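One letter stands for each residue in the lines below.
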Amino acid sequence: MRRLPPLTAIEAFVQVARLGSVKAAAEELALSSPALSRRVQALERFMGRNLFERRHQAMMLSAEGEKLLSRIAPALDQLTLAIDSTSGDSELVRLRLAVMPLFASQRLMGRLPELREQHPELHIDIDTAGHALARLGEGVDAAILLARDIDSSLYSRRIDRDKAVAIVNRSLLSGRYPVSRLDDIGRLTIFLHRDMPELFTTWREALGRPDLEPAAVDLFDSGQLMLDAAAQGLGVAFMLRSHLEDSHDDRLTHLFDDNIDSPYGYWFACRRPALSTRAVRIFHDWLFSTMATG
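Here the structure is a predicted model, which means the values were calculated and not measured.

### Observations concerning the layout of surface pockets
Link 1 in the chain: Computed from the structure, the second largest pocket encloses a volume of approximately 460 Å³.
Link 2 in the chain: Around the second largest pocket, the lining comprises 21 residues; the ones closest to its centre are Met100, Gly130, His131, Ala132 and Asp195.
Link 3 in the chain: Contributing elements (two or more residues each) for the lining of the second largest pocket: strand 3 (93-99) and strand 5 (142-147).
Link 4 in the chain: Per-element accounting of the lining of the second largest pocket gives the leading share, four residues, to strand 5.
Link 5 in the chain: Residue composition of the lining of the second largest pocket, grouped by class: 12 nonpolar, four polar and five charged.

Here's what the structure looks like:
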């Protein structure tokens, strides 16, 4: 049998390829950046060719790297599934689910008793860390995330279609300087989620004001903290209508009478082989029979 490169080197290559950054990949694998770089370089020496084009703060796959990734990714998926199918208790079915924290708290946790009643054998490990798609098959089995669309190499299905709304504290609609016109956005700070960076642009263009600019833009990676900041009157949170409705916070409302389709929505995604596993299949079928609107 031909000698193979170390599995750790292959793992490092795949993570850098999927995340496009040595730093991000090192964080996911709990390694230092130099240690991860050495693993990638060891694979390149083994292969006898460069697998990446190294750019400032980024690693882009070379043509040879693209070819290698396309050939080994399915094999790695099958290896992961084989280990999962032989290492667990046969009486338990375990799903490792990556999910956005706000989706989990607003829409998922309250419905899990229903799922448990239907499938008491299913147990779910909840993972709210970032880079969910890159970790499919390598720490998580399936993911629920906010996106415009999903890489076609993965299985994906949109959970919902929603509206883009500007969420504020009700107090901003009254008082000495009420927010009553679109131009009033110009004196306010707006909040954007890092996974929906173009939502404000979509909103203002739909209202015929592509030139509209806020006083400042603050970025968040937590939907709940965006709602909290808006509830404190600190600015305007551009989110989905469901985020407002499911918050059940009487302090919050949305600006203007708009009906703007959001390009972003919640998606379910997994690697295609994972859909044939019992845990992923049970959760997928329950999810789309229970709460999907997309």
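### Some remarks on the pattern of salt bridges
Link 1 in the chain: Tallied over the entire structure, the rule returns 15 salt bridges.
Link 2 in the chain: Of the charged contacts, one joins Asp160 and Arg107 as a salt bridge, the two residues approaching to 2.8 Å between their closest N and O atoms. A residue pair is termed long-range when its members are at least 10 positions apart, and Asp160 in the loop between strand 6 (155-158) and strand 7 (163-169) and Arg107 in helix 5 (residues 101-108) qualify at 53 residues. Neither residue differs from the other here; Asp160 and Arg107 are each classed as buried.
Link 3 in the chain: Between Arg278 and Glu121 there is a salt bridge, and its shortest N-O distance comes to 2.8 Å. Placement of the pair is Arg278 in helix 10 (residues 278-290) and Glu121 in the loop between helix 6 (112-118) and strand 4 (122-127), with a sequence separation of 157 residues.
Link 4 in the chain: Salt bridges linked by common partners bring Arg181, Asp183, Asp184, Arg187, Arg209 and Asp211 together as one network.

### Thoughts on the environment of Arg111
Link 1 in the chain: Following the sequence through the fold, Arg111 ends up in the loop between helix 5 and helix 6.
Link 2 in the chain: Judged by relative accessible area, which is 32%, Arg111 ranks as partly exposed.
Link 3 in the chain: Taking the C-alpha atoms as reference points, Arg111 and Thr290, separated by 179 residues in sequence, lie 8.7 Å from one another.
Link 4 in the chain: If near-sequence neighbours (up to four positions away) are discounted, Arg111 is found in contact with Trp286, Thr290 and Met291.
Link 5 in the chain: A polar side-chain atom of Arg111 sits 2.8 Å from the main-chain carbonyl oxygen of Arg107.

Parameters at a glance
Per chain, residue numbering runs from 1 following the sequence as it is written. Given that the model is predicted, a residue must reach a pLDDT of at least 70 before its local features are reported, and side-chain atom pairs must reach 80 or more before they are shown or counted; all residues, however, enter totals for whole chains, interfaces and linings. With hydrogens and water stripped out, all remaining heavy atoms of the structure feed into the side-chain values. Buried and open spaces are told apart on a 1 Å grid over the protein atoms alone, a cavity being a set of points where a 1.4 Å probe fits but cannot get out and a pocket being an open set with protein on both sides within 12 Å along at least five of seven lines. Residues with an atom within 4 Å of a point are the lining residues. Grid points are joined across faces, edges and corners, and a volume is the space filled by probe spheres set on the points. Secondary structure is summarised from DSSP: a helix means a run of H or I of at least four residues, a strand means a run of E of at least two, and numbering begins at the N terminus for each. Here the term charged refers only to Asp, Glu, Lys and Arg, the term nonpolar to Ala, Val, Leu, Ile, Met, Phe, Trp, Tyr, Cys and Pro, and the term polar to all other amino acids, Gly among them. What makes a salt bridge here is a side-chain nitrogen of Lys or Arg within 4 Å of a carboxyl oxygen of Asp or Glu, nothing more. For every residue, the accessible area (1.4 Å probe, protein chains only) is compared with the maximum for its type, and the residue is labelled buried under 20%, exposed over 50%, or partly exposed between those bounds. Residue contacts are defined here by distance: any two heavy atoms, one from each residue, within 4.5 Å place the two residues in contact. Identification of polar contacts relies on pairs of N or O atoms within 3.5 Å, with a donor-acceptor requirement for protein atoms, meaning one able to donate a hydrogen and the other able to accept it, and with residues adjacent in sequence counted only if both atoms are side-chain atoms.

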